[in-house]
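Structural description and commentary
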Amino acid sequence: SESPAPVTLRWSDKPAGPGHSFESVTALPAAIGEVQATPAEPATDGQEAAAIAPLPDKVGPDDGPRRGQANLLAAWVPLVWAVGTLLVLGWLCLGAAIMRRLGRRCEPIVDGSWAALLGRLSAELKLDRSVRLLRSDHRSMPMAWGIFKPRLLLPAEASSWPADRRRVVLLHELAHIKRRDPLTQFITQIACALYWFNPLVWVAARRMVTEREQACDD
């Protein structure tokens, strides 16, 4: 088909008003009707991919400081956690060193009545480990410790206790050894060292001590 003739519009020299109009306005609709749309060229694969590819995120003026703060926080959080864990583990090691020193300073109880009572109560509880009975002048409360080599410490005034109190105290401390409470206490302290930032861990550890003492009393 032949290409349409170009349309030329010519303005009059005078403002439009009564008796003045475009000279070629009547030719405009016919010219528009004769114009045919030129078919668009098919898009190549690269153009299609560029058309559907997402635009890169715009970096705003506040994105730089925010990313810097996030990186700083990510670097400080592990450091703070490690410092807290080392402090709790250090406290645990200090307590173990104190107990080891206390065990060395204590003297074994060689009284035959204590040894006989200890053997009888150990058989009653069916203990599969031997317990070393110690006495200390620096402690006022009985206690038991030791995961592999259990020790039972009594205060110096225990020699004046009546027979009933001796039996009750030994049964309570031997129950700790029977239940392997030194091992569970060690695991609890490790958990507190790893999760020191969580207050619920400390609440659970305190509750565990209370329940443990109640179980040994029962």
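Residues numbered from 1 in each chain as written. Predicted model: local features only at pLDDT ≥ 70, side-chain atom pairs only at ≥ 80, totals over all residues. Heavy atoms only, no water.

1. A closer look at the overall build of the protein
- The helix and strand tally for the protein stands at seven helices and four strands.
- Moving toward the C terminus, one meets the helices and strands of the protein in the order α-α-α-β-α-β-β-β-α-α-α.
- For the protein, buried positions account for 23% of its 218 residues.
- For the protein, contacts bridging at least 24 residues in sequence account for 59% of all contacts bridging at least 6.
- With an accessible surface of roughly 16600 Å², the protein has 62% of that area assigned to carbon and sulfur atoms. (Helix = DSSP H or I, 4+ residues; strand = E, 2+ residues; numbered from the N terminus. Buried < 20%, exposed > 50% of the residue type's maximum accessible area, 1.4 Å probe, protein only. Contact = heavy atoms within 4.5 Å. Areas by Shrake-Rupley, 256 points an atom, 1.4 Å probe, with all protein chains shown as cover.)

2. A word on the pairing of strand S2 (residues 132–136)
- Relative to S2, strand S1 (residues 107–108) is paired through two bridges, and the arrangement is antiparallel. Along S2, the bridge assignment pairs Glu107 with Arg135.
- In this sheet, strand S4 (residues 151–155) lies alongside S2 in parallel orientation, the contact comprising five bridges. For Arg135, the partnering residue across the bridge sits in S4 and is Leu154. (Pairing = 2+ DSSP bridges.)

3. Some words on the nonpolar core
- If you look at the biggest cluster of nonpolar residues, it comprises 17 residues, and the most contacted ones within it are Trp114, Leu133, Leu152, Leu154, Leu170 and Leu174.
- For this core, the elements supplying multiple residues, two or more each, are helix H4 (112–125), S4 and helix H5 (163–178).
- Element by element, the count of residues in this core is highest for H5, at five residues.
- Cys106, Leu134, Met143 and Leu153 belong to the second-largest nonpolar core, a separate cluster that totals seven residues. (Core = buried A, V, L, I, M, F, W, Y, C linked by side-chain atoms within 4.5 Å.)

4. Examining the packing of aromatic side chains
- In this structure the tally under the stated criterion is two aromatic pairs.
- Summarising the aromatic geometry, the rings of Tyr195 and Phe197 are spaced 6.3 Å apart at their centres and angled 55° between planes, so their arrangement reads as tilted.
- In this structure Phe197 comes out as partly exposed when scored by relative accessible area, which is 49%.
- Aromatic pair Trp196 and Phe197: ring centres 5.9 Å apart, planes at 85°, arrangement edge-to-face. (Phe/Tyr/Trp six-rings, centres within 6.5 Å; stacked < 30°, edge-to-face > 60°.)

5. As for the pattern of salt bridges
- One pass over the full model with this rule turns up six salt bridges.
- Put simply, Asp181 and Arg179 hold a salt bridge, and the shortest N to O gap is 3.2 Å.
- A relative accessible area of 40% places Arg179 in the partly exposed class.
- Residue Glu211 pairs with Arg207 through a salt bridge whose shortest N-O separation is 3.0 Å. Of this pair, Glu211 and Arg207 both sit in helix H7 (residues 199–217), four residues apart, roughly one helical turn.
- Through salt bridges that share partners, Asp128, Arg129 and Arg180 make up one connected network. (Salt bridge = Lys/Arg side-chain N within 4 Å of Asp/Glu carboxyl O.)

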